[in-house]
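Chain residues, written in single-letter form:
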Amino acid sequence: MKIHTGKIVSDKMKQTVVIEVDRLVAHPKYLKQMHHTTRYHADNQTQAKTGDMVKFVACKPMSKTKFYKVIEIVKPTK
């Protein structure tokens, strides 16, 4: 079970949030580092809001697009 970390970009749905995960990937031919962004729909039982960094994990399907659930809000480090 892999734990992902991402930033909430939308919390407009009732119990669902949209989480954006940004990662660096090397281009296969030129080896330049590129940003790839993926969006996930996750169940939100922790009352996280837009802009929060959260950890989320895969679970059984809850709807057509929701396959993840938020497990905790990550505190920002300074």
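Now for a quick tour of the structure. (Residues numbered from 1 in each chain as written. Predicted model: local features only at pLDDT ≥ 70, side-chain atom pairs only at ≥ 80, totals over all residues. Heavy atoms only, no water.)

### Some remarks on the sheet that holds strand E1 (residues 3-10)
To be explicit about the condition: Being paired, for any two strands, means DSSP has found at least two bridges between them. A run of H or I in DSSP becomes a helix once it reaches four residues, and a run of E becomes a strand once it reaches two; helices and strands are each numbered from the N terminus. As a rule, the C-alpha atoms of each element are fitted with a line to give its axis, helices using only the stretch in contact, and angles between N-to-C directions run from 0 to 180 degrees.
With mixed pairing, 5 strands are arranged side by side around a closed barrel as E1-E2-E3-E5-E4. Ignoring which end each strand starts from, the neighbouring axes of this sheet average 50° apart. Looking at chain direction, strand E2 (residues 16-26) and strand E3 (residues 33-43) are connected through 11 bridges and run antiparallel. Its bridge partner being in E3, Ile19 is matched across the sheet by Tyr40.

### A closer look at the side chain of Lys66
To keep things clear, this is the line we draw: Here a polar contact is taken to be a pair of N or O atoms separated by no more than 3.5 Å, where protein atoms must pair a possible hydrogen donor with a possible acceptor and residues adjacent in sequence count only if both atoms sit in side chains. Residue contacts are defined here by distance: any two heavy atoms, one from each residue, within 4.5 Å place the two residues in contact.
Relative to the assigned elements, Lys66 resides in strand E5 (residues 66-74). A distance of 3.1 Å separates polar atoms of two side chains, one belonging to Lys66 and the other to Thr16. A polar atom in the side chain of Lys66 sits 3.4 Å from the side chain of Asp43. Residues contacting Lys66, with those up to four places away along its chain left out, are Gln15, Thr16, His41, Ala42, Asp43, Lys60 and Pro61.

### Some remarks on the pattern of salt bridges
Note the cut-off: When a carboxyl oxygen of Asp or Glu lies within 4 Å of a side-chain nitrogen of Lys or Arg, that pair is called a salt bridge. Partly exposed describes any residue whose relative accessible area lies between the buried limit of under 20% and the exposed limit of over 50%, with all areas from a 1.4 Å probe on protein chains only and scaled to the type maximum.
This model, assessed by the stated rule, comprises 3 salt bridges. One salt bridge in this structure joins Lys55 and Glu72, with 4.0 Å as the shortest N-O distance. Of this pair, Lys55 sits in strand E4 (residues 53-58) while Glu72 sits in strand E5; the two residues are 17 residues apart in sequence, bridging distant segments of the chain. With a relative accessible area of 29%, Lys55 lands in the partly exposed category.

By themselves, these are just geometric observations and shouldn't be taken as functional.
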